[in-house]
Amino acid sequence: MSFIGLLVQIDENLTWGKHTEYIIKKVLSNISILRKVSSILTLDNKIAIYRSIIEPYFNYCCLVWDSICETLTTKLQRLQNRAARIITGEPYSVRSKELLQRLGWSSLSETRRQHKAVMMYKIVNGLAPPYMLDMFSKQYGSQVYKLRNSTLNLEIPNARTELYKNSFAFSGAKIWNELPVDLKKEPSLNAFKKKIKTINLCIDNT
């Protein structure tokens, strides 16, 4: 799928309402496509369509806008739930959470935090760009090599405002510190990515 013209939008109030509405508009259009062709497709085909024309909008630059409010979070989650219902063909009497579990999907909130945890693994192990390493090395010393100790907890920066608490520098460090020690010790990025999907990082909003 081409993402020409896709961008992150922030409004004059430094909120993600405009960007979220953009995602909703695009996803609704593609859910309509999925619904129209679902009757002639196999389950695997429908999942493939979801992965190619719907899911990327949920994940694009989600590290940046993960701090969206509960109202916007719920709006996006309802769209994933709707796609899951179309794919499985189940009636509304079946809970959305059950449909996601059946498909092996995490909620969108959970997925965004998984992406953030993966980025933190890269940062702590020196696999991220230097400017991202510096965001965290400066919190507890000038020696960048300390980030390469993946069992090390990061210092949570002082946050005087809710806006800063929603920043990646704050929330990323917090998520990393809360991970189980054995997960932090995973020897490779691929092993970490596989195992992070088994860890509950937030309460599903389904």
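Below is a short write-up of the structure. These figures come from a predicted structure and were not determined experimentally. (Residues numbered from 1 in each chain as written. Predicted model: local features only at pLDDT ≥ 70, side-chain atom pairs only at ≥ 80, totals over all residues. Heavy atoms only, no water.)

### A closer look at the packing of helix H1 (residues 17–37) against helix H2 (residues 43–53)
Moving on, step 1. Packing of H1 against H2 brings their axes to within 10 Å, and their N-to-C directions diverge by 165°. When the axis of H1 is compared with that of H2, the two are roughly antiparallel. The element H1 and its partner H2 pack so that their crossing is right-handed. In contact with Asn 30, Ile 33, Leu 34 and Val 37 of H1, H2 contributes Lys 46, Ile 49 and Ile 53.
Moving on, step 2. Partitioned by chemical class, the residues of the contact of H1 with H2 number 5 nonpolar, 1 polar and 1 charged. (Axes fitted to C-alpha atoms, helices over the stretch in contact; angles between N-to-C directions. Helix = DSSP H or I, 4+ residues; strand = E, 2+ residues; numbered from the N terminus. Parallel < 35°, antiparallel > 145°, perpendicular 65-115°, else oblique. Left-handed = near helix turned anticlockwise from the far one by under 90°. Contact = heavy atoms within 4.5 Å. Nonpolar A, V, L, I, M, F, W, Y, C, P; charged D, E, K, R; others polar.)

### A closer look at the pattern of salt bridges
Moving on, step 1. One pass over the full model with this rule turns up 10 salt bridges.
Moving on, step 2. Among the ionic pairs, Asp 66 bridges to Arg 112, the shortest N-O distance being 3.0 Å. Residue Asp 66 is located in the loop between helix H4 (62–65) and helix H5 (70–88), and its partner Arg 112 is located in helix H7 (residues 108–124); the two are separated by 46 residues in the primary sequence. An identical accessibility class is assigned to Asp 66 and Arg 112; each is buried.
Moving on, step 3. Here Glu 98 ties to Arg 102 by a salt bridge, and the two come within 3.3 Å at their closest N and O atoms. You can see Glu 98 and its partner Arg 102 sitting in helix H6 (residues 96–103), 4 residues apart, about one turn around the helix.
Moving on, step 4. Assessed through its relative accessible area of 40%, Glu 98 is described here as partly exposed. (Salt bridge = Lys/Arg side-chain N within 4 Å of Asp/Glu carboxyl O. Buried < 20%, exposed > 50% of the residue type's maximum accessible area, 1.4 Å probe, protein only.)

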